[in-house]
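Structural overview
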Amino acid sequence: MKRLVVIGGGAAGYFCAVNAARMLPGLQVVILEKTGKTLSKVKVSGGGRCNVTHDQQNVHELVKSYPRGKNFLKRALFQFSPVQTMEWFEQRGVPLKTEKDGRVFPRSNHSQSIIDCLDAEVEKYGIQLQLHANVQEITNTGTHWALKIGGVEDVLIADDLCIACGGFGKLEQFKWLESLGHKIVPPVPSLFTFNLGKHAITDLMGVSVDNAVVRINGTKLIETGPLLITHWGFSGPVILRLSAWGANLLAEKEYQFMIQVNWLGDRKEQQLRTDWSRLRDQLGNQQLGDKNPFALPKRLWLYLLSAAGIEPGIFWSKLPAKPQNKLIQLLVSDTYVVNGKTTFKEEFVTCGGIDLAEVDPFTMESRIQPHLYFAGEVLNVDGITGGYNFQHAWASGWAAACQIAKDAN
């Protein structure tokens, strides 16, 4: 009986394991997870709701959301796109819903629905799950794979091996994979928030703006979307997308850089100056602190007035030119010095990993070692926030499973 061993009990590892077992009846499948729990990122992603995928049916458009690996991943996505992902889960009793921004979640709004579905597949196909199984050494004997697991004297033998252990934050954490002969692209964080130190705006923690434009000064990096003020700085989708696209560049800068925030979205300064006379006429007898014509959160509006040196009790018609100009500037080009980053341990995503040139993009099989496969974040592929990283996990896990089943027949 042939045996597939999957290293990693996350989304990609589970998906490779359950689909290979389904496609190849009689295949013995073992999942090795070094921690005491599986599907940890599935559990916490999307605020505990699990952002399963993104509803983008055009693969050529879909891959534009992957800062690294888009051309490589395209082959797998044509085999297993978000459409197939949604069908797969719904056919197994998990109704899904698509939100306005394209993110897809279980209708239950609980990630446990996805976890229960995957666990049920593991049980259905008799897949063996070993927790606290820390793989320390992998040897290719010429006919099979021999895995040495910490604390276990016996060596685990596999005919096929799929590595889906996720990403690592440091290059030395990939050392146990060096025996496989693959190059490792040094990892750096890909999704993180921006720290501002003890800046006054952090007193507004919890305040969010639905459509801000954020630019990283001195670069071409610019994104639009929801921005959240936190007690350490800025977060939200617009910041996370910037961090993904700028992962390598911002690491080189040691996370010291300046950003420019347009709190009014794509509204340009000249347009705002043109509209200002009309606003003064319409709101002349009202106090600035009471009347905010830009639909900004009140706490943010009062903060911007203070930063411009404007008393909230002043009337629109009495606003002097100098503080007026300062307020206009703050609304459309507010600048901040970023001093560091914050990553969320559970949802930590890196770029870097196994060099894609050494992996077949159609099958996820190593070009160096036959019967060796990779899936998920261990590869040098990463997407922006919004379900893209899980779609990579499903697609790469599926492609590996298909080839494993095909080879065995």
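Read on for an overview of the structure. Residue indices follow the written sequence of each chain, beginning from 1 at its first position. Under the rules for a predicted model, residues below a pLDDT of 70 receive no local features and side-chain atom pairs below 80 are neither given nor counted, while totals for whole chains, interfaces and linings still include all residues. Side-chain metrics rest on all non-hydrogen atoms present in the structure, leaving aside hydrogens and water.

1. Remarks on helix α4 (residues 70–79)
Considered for burial, the residues of α4 that qualify are Phe-72, Leu-73, Ala-76 and Leu-77. What you see down the axis of α4 is that its buried residues fit within an arc of 130 degrees, all on one side. Where α4 is buried, its residues meet α3 (59–62) and α12 (388–408). Relative accessible area decides the class of each residue, using a 1.4 Å probe on protein chains only: under 20% of the type maximum gives buried, over 50% gives exposed, and in between gives partly exposed. Helical segments are the DSSP runs of H or I of at least four residues, strand segments are the runs of E of at least two, and each set is numbered from the N terminus. Throughout, the arc means that of the directions going from the helix axis to the C-beta atoms. We call two residues contacting when some pair of their heavy atoms lies within 4.5 Å.

2. As for the packing of helix α1 (residues 11–23) against helix α6 (residues 112–124)
Two elements in contact, α1 and α6, have axes whose closest approach is 9 Å; the angle formed by their N-to-C orientations is 40 degrees. In terms of their interaxial angle, α1 and α6 are classed as oblique. With respect to the hand of their crossing, α1 and α6 are arranged in left-handed fashion. The residues of α6 that touch α1, namely those facing Tyr-14, Phe-15 and Val-18, are Leu-118, Asp-119, Glu-121 and Val-122. All amino acids are sorted into three groups, where Ala, Val, Leu, Ile, Met, Phe, Trp, Tyr, Cys and Pro are nonpolar, Asp, Glu, Lys and Arg are charged, and the leftover types, Gly among them, are polar. Looking at the contact of α1 with α6 residue by residue, the classes come out as five nonpolar, no polar and two charged. Axis definition: a line fitted to C-alpha atoms, over the contacting stretch in the case of helices. Angles run 0 to 180 degrees between N-to-C directions. Should an angle fall under 35 degrees it is taken as roughly parallel, and over 145 as roughly antiparallel, whereas 65 to 115 is taken as roughly perpendicular and any remaining angle as oblique. It is the rotation of the near helix from the far one that decides the hand of a crossing: anticlockwise by less than a right angle makes it left-handed, clockwise makes it right-handed.

3. Details of the side chain of Thr-193
Its location among the elements puts Thr-193 in strand β12 (residues 193–195). Residue classification places Thr-193 among the buried positions, given a relative accessible area of 0%. A polar atom in the side chain of Thr-193 sits 2.8 Å from the side chain of Trp-232. Side-chain atoms alone can form a polar contact between residues adjacent in sequence; in general such a contact is a pair of N or O atoms within 3.5 Å, and within protein one must be able to donate a hydrogen while the other accepts it.

4. Focus on the state of the cysteines
Here, the term disulfide refers to a pair of cysteine sulfur atoms separated by no more than 2.5 Å. Summed over all chains, the structure comprises zero disulfides. Cys-50 carries a free sulfur, and the closest cysteine sulfur to it, the one in Cys-117, is 11 Å from it. Not part of a disulfide, Cys-402 finds its nearest cysteine sulfur in Cys-16, a span of 9.4 Å. By relative accessible area, which is 24% here, Cys-402 ends up partly exposed.

5. Concerning the pattern of salt bridges
Each reported salt bridge corresponds to a side-chain nitrogen of Lys or Arg within 4 Å of a carboxyl oxygen of Asp or Glu. Counted under the stated rule, the structure contains ten salt bridges. Taking the shortest distance from any N to any O, the salt bridge between Glu-121 and Arg-92 comes out at 3.3 Å. Placement of the pair is Glu-121 in helix α6 and Arg-92 in the loop between α5 (82–91) and β4 (96–98), with a sequence separation of 29 residues. Shared partners join several salt bridges into a network, and the residues in it are Arg-49, Glu-99, Asp-101 and Arg-103.

6. Points about the side chain of Arg-68
Position of Arg-68 relative to the elements: it lies in the loop between α3 and α4. Using a relative accessible area of 13% as the deciding quantity, one classes Arg-68 as buried. A polar contact of 2.7 Å, which involves the side chain of Arg-68, links it to the side chain of Asp-382. What Arg-68 contacts, discounting residues up to four positions off in sequence, is Ser-190, Ala-244, Trp-245, Ala-247, Asn-248, Cys-351, Asn-380, Val-381 and Asp-382.

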